[in-house]
Amino acid sequence: MAAIEKLPLVSAGVKARTQIAAGDAVRTAIIGMALVLFFLPLVASAAFGFTLPGQGISFEPLRDALAGTDIATQLMNTAKLAVLSTVGSLVLLVPTLLFLHLKAPNLLRFTEWLSVIPYVVPAIALVAGANLFFRQAAPGFMVSLYSLVPFYMVLTLPLVYRSLDAGIRSIDLRTLWAASESLGAKPWQTLWQVVLPNLRGSLLGASLLSCAMVLGEYAVAALLLHSTFPVFMVQVGMNQPRAAAALSFITILVTWLLLALLSRNSAPKTTSKGGPR
């Protein structure tokens, strides 16, 4: 009799294990397909960029494309634009979002809607409108390489805004701010010593998104006739597609290494007991 009563339990256990195994198989298949779809273009790009028909692996296309060019200057220009755009976005948005969350939470929906406007306005319309304005107000501004910084800040606004907003929402900002003030800290001390350390992950994410956007932005720089690394890659690709594919692959690898390095440095350190310091 007892054995008969245990049969439904055994059947339920077998059914549960079967469902778990099926779920694991589906997840494995989805992850495998995602990895194939993600890495296959990279492998194909590397195979195309670093090989020559009948010769196998060769760096000759890349050497020919870089010979006699000023790629170091273009890389430096892009790096400076990435740093300035990232710093400018953080300096502008971090205090703004903190103020909104603390003093005007009812405006968050409106500012979130405003932050997606760069997705709606095409880059060519943005450049044309700004060009008409600055041609009258400051004719020499658009000639400078640094005129790209405000454009890049606008283009990265949706990504940076959401990364910072998600980080602020993940912490109890009001409690942290009130506790810091009750201990006698000044607002700048609270911001620097309490809030920003808790937003380290979101600050890093916003910075990486901003840098990635600047490293791949071509339209605005080309319209304003500035020499940046994406413009150089497009120019190379017009005549030497293999070299452009090789440069694209190298750029992706460098970006990944930078991401891994920054992520490792931003991870919370642990004590010998396993708890965070």
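Reading the values: rules and limits
Residues numbered from 1 in each chain as written. Predicted model: local features only at pLDDT ≥ 70, side-chain atom pairs only at ≥ 80, totals over all residues. Heavy atoms only, no water. Helix = DSSP H or I, 4+ residues; strand = E, 2+ residues; numbered from the N terminus. Buried < 20%, exposed > 50% of the residue type's maximum accessible area, 1.4 Å probe, protein only. Contact = heavy atoms within 4.5 Å. Areas by Shrake-Rupley, 256 points an atom, 1.4 Å probe, with all protein chains shown as cover. Patch = residues over 30% accessible without salt bridge, like charges linked within 9 Å, V, L, I, M, F, W, Y side chains within 5 Å. Salt bridge = Lys/Arg side-chain N within 4 Å of Asp/Glu carboxyl O. Polar contact = N/O pair within 3.5 Å; in protein donor to acceptor, adjacent residues only side chain to side chain. Axes fitted to C-alpha atoms, helices over the stretch in contact; angles between N-to-C directions. Parallel < 35°, antiparallel > 145°, perpendicular 65-115°, else oblique. Nonpolar A, V, L, I, M, F, W, Y, C, P; charged D, E, K, R; others polar. Expected span 1.5 Å × (residues − 1). pLDDT = per-residue confidence, 0-100. Core = buried A, V, L, I, M, F, W, Y, C linked by side-chain atoms within 4.5 Å.

## Digging into the overall build of the chain
Each helix and strand in the chain was counted, giving 14 helices and 2 strands. For the chain, with 277 residues in total, the buried portion stands at 31%. Nonlocal contacts in the chain, meaning residues at least 24 apart in sequence, comprise 75% of its contacts between residues at least 6 apart. A total accessible area of about 17,400 Å² is found for the chain, and carbon and sulfur atoms account for 70% of it.

## Some remarks on a nonpolar patch on the surface
A cluster of nonpolar side chains, I31, L35, F38, F39, V43, I252, L253 and W256, forms an exposed patch at the surface whose accessible area comes to about 700 Å². Those elements that provide at least two residues to the nonpolar patch are α1 (2-49) and α14 (241-266). The leading source of residues in the nonpolar patch is α1, at 5 residues. Mapped onto the fold, I252 is located in helix α14. Relative accessible area serves as the criterion here: at 31%, I252 is assigned to the partly exposed category.

## Focus: the side chain of S147
Relative to the helices and strands, S147 is located in the loop between α6 (123-137) and α7 (148-155). Exposure remark for S147: the relative accessible area of 0% places this residue in the buried category. Polar contacts involving the side chain of S147 include one to the main-chain carbonyl oxygen of M142, which spans 3.5 Å. Discounting residues that sit within four places of it in the chain, S147 has contacts with F141, M142, L224 and H226.

## Some thoughts on the packing of helix α3 (residues 71-103) against helix α9 (residues 173-182)
Contact geometry of α3 with α9 gives a least axis separation of 10 Å together with a crossing angle of 90 degrees. The orientation of α3 relative to α9 falls into the category roughly perpendicular. Along the contact surface, α3 presents L98, H101 and L102, while α9 presents L173, R174 and W177. Considered class by class, the residues forming the contact of α3 with α9 number 4 nonpolar, 1 polar and 1 charged.

## Side note on helix α11 (residues 200-216)
Think of an α-helix as turning once every 3.6 residues; residues three or four places apart then point the same way. The end-to-end C-alpha distance of α11 is 24 Å, a good match for the 24 Å that 17 residues give at a rise of 1.5 Å each. Those residues of α11 that sit buried are S202, L203, L204, A206, S207, L208, S210 and V214.

## A word on the side chain of T190
Along the chain, T190 turns up in helix α10 (residues 187-198). With residues up to four places along the chain from it excluded, the contact list for T190 reads W177, S180, A185 and V195.

## Some words on the confidence of the model for the chain
Across the chain, the average pLDDT comes to 81, with 87% of residues at or above 70. Considering only residues more than four positions removed or in separate chains, one finds that residues 270-277, a stretch of pLDDT under 50, has 7 contacts.

## Some points on the environment of L253
Tracing the sequence through the fold places L253 in helix α14. Through-space distance from the C-alpha of L253 to that of L42 is 9.8 Å; in sequence the pair is 211 residues apart.

## Focus: the environment of S147
C-alpha separation for the pair S147 and L224, spaced 77 residues apart in sequence, amounts to 9.0 Å. Polar side-chain contacts of S147 include one of 2.6 Å to the backbone oxygen of S144.

## Overview of the nonpolar core
Grouped together as the largest cluster of nonpolar side chains are 21 residues, with contacts concentrated most on L164, L173 and L203. Listed by contribution, the elements that provide at least two residues to this core are α3, α8 (157-169), α9, α10 and α11. It is α3 that contributes the most residues to this core, 7 residues altogether. Setting aside residues no more than four positions away along its own chain, L164 makes contact with L90, L93, V94, L97, S202, L203 and A206. Grouped together as the second largest cluster of nonpolar side chains are 16 residues, V127, L148, Y152 and L155 included.

## Quick word on the environment of T69
You can see T69 is positioned in the loop between α2 (60-66) and α3. Measuring from C-alpha to C-alpha, the distance between T69 and F232 comes to 9.4 Å, with 163 residues separating the pair along the chain.

## A few points about unusual backbone geometry
The phi dihedral of L225 is positive, around 60 degrees, even though this residue is not glycine. Mapped onto the elements, L225 comes out in the loop between α12 (219-223) and α13 (229-239). Its relative accessible area of 75% is what places L225 among the exposed residues.

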